[in-house]
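Read off the chains here:
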Amino acid sequence: MGVDEEKSEGEGKVWSLCRMPFWQTSSSNGNGSSSSSSSSSMGNNNVYQQSQSGQLGERSTVTSSKAVSSIAKSLLPTRRRLKLDPSNKLYFPYEPGKQVRSAIGIKNTSKSHVAFKFQTTAPKSCYMRPPGGILGAGESLIATVFKFVEPPENNEKLIEQKSRVKFKIMSLKVKGEADYVPELFDEQKDEVAVEQILRVVFLDPEHPCPALEKLKRQLAEAEAALEASKKPPEDTGPRIVGEGLVIDEWKERRERYLARQQVEGVDSA
């Protein structure tokens, strides 16, 4: 037993010498074990703090990356869904005191259906036809814009006459064919894109120019398309209402025949 005790004390002194300065070699095994436990707890605290700081660092990195991505998206140019003609202007003939017209071509250049909508800063003196709609991939139309031209102030000339009225065209990607309703843009505000802000440019109707000639052509095409849409579809022959039902044309002829028979019967009587 004495040998074992001496041996254990010797081992404790050797461990203490490795851990402590030479002037504290007389300390007991209890002190050595307490220093061991304190050092291990400090090590655990350091590990915990490092893990916590690592988690916070990861969170801050994710947050900062999201912020950077959102800023990058805001700086990127908006991907256009529509091609406009003219691209950023609305040309109006300058006729003070009258309601004049402008035209703009709108084409869907995307691969899906796109809804478009007009907005103006002067809804009381301007309106659009159509004010909005849905275009399939590759489809196009010519919209007509109506505006009342205010008389000039202080005898302003045409060149000096400017309009503060602006127009905005917005677009929205839609799924498949659907009926256009303005509420689409309110229901999906996050998906709405501003295609273009259009400013008003007046043209002198007495002096022909390429822009004025192009405007006249576009207005003529828009009127032709409007008249074509008003015409009823061409009659391609008798139409069957449903399977197993009589043909409308035959039914009408039968009713007219019976009516004549009744009239002839009354006359003969």
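Residues numbered from 1 in each chain as written. Predicted model: local features only at pLDDT ≥ 70, side-chain atom pairs only at ≥ 80, totals over all residues. Heavy atoms only, no water.

> In this structure, what is going on with the side chain of Asn 108? I would like to understand it.
Mapped onto the elements of the fold, Asn 108 is located in strand 3 (residues 99–108). Within polar-contact distance, the side chain of Asn 108 engages the backbone oxygen of Ser 112 at 2.8 Å. At 2.9 Å, the side chain of Asn 108 forms a polar contact with the backbone oxygen of Gly 136. In contact with Asn 108, not counting residues within four places along its chain, are Arg 81, Leu 82, His 113, Val 114, Leu 135, Gly 136, Ala 137, Gly 138 and Glu 139. (Helix = DSSP H or I, 4+ residues; strand = E, 2+ residues; numbered from the N terminus. Polar contact = N/O pair within 3.5 Å; in protein donor to acceptor, adjacent residues only side chain to side chain. Contact = heavy atoms within 4.5 Å.)

> What is the right way to look at the sheet that holds strand 7 (residues 140–148) in this model?
Sheet strands associate in pairs through backbone hydrogen bonding, adopting either a parallel or an antiparallel arrangement. Read from one edge of the open sheet, four strands run 1-3-7-5, paired in antiparallel fashion. Each edge of the open sheet is held by one strand with a lone partner, namely strand 1 (82–85) and strand 5 (126–129). Direction aside, the axes of adjacent strands within the sheet are offset by 25° on average. When strand 1 meets strand 3, the two strands line up antiparallel, connected through four bridges. If you follow Asp 85 over to strand 3, its bridge partner there is Gly 105. (Pairing = 2+ DSSP bridges. Axes fitted to C-alpha atoms, helices over the stretch in contact; angles between N-to-C directions.)

> What is the right way to look at the nonpolar core in this model?
A general feature of soluble globular proteins is that nonpolar side chains tend to end up buried together. Phe 92, Ile 104, Ile 106, Phe 118, Phe 167 and Ile 169 are the most contacted members of the largest nonpolar core, which totals 24 residues. Filtering out sequence-adjacent residues up to four positions away, Phe 118 remains in contact with Ile 104, Ile 106, Met 128, Pro 130, Pro 131, Ala 143, Val 145, Lys 168 and Ile 169. Within the second largest apolar cluster, six residues are counted, among which are Ala 115, Leu 172, Val 174 and Phe 185. (Core = buried A, V, L, I, M, F, W, Y, C linked by side-chain atoms within 4.5 Å. Buried < 20%, exposed > 50% of the residue type's maximum accessible area, 1.4 Å probe, protein only.)

> Which parts of the structure should I look at to understand the pairing of strand 9 (residues 193–203)?
Each regular strand carries side chains that alternate between the two faces of the sheet. Where strand 2 (residues 89–93) lies against strand 9, five bridges are found, and the strand directions are parallel. Of the residues in strand 9, the one forming a bridge with Pro 93 is Leu 203. Where strand 8 (residues 166–174) meets strand 9, six bridges bridge the pair, whose relative direction is antiparallel. When the sheet's bridge partners are listed, Met 170 is paired in strand 9 with Val 194.

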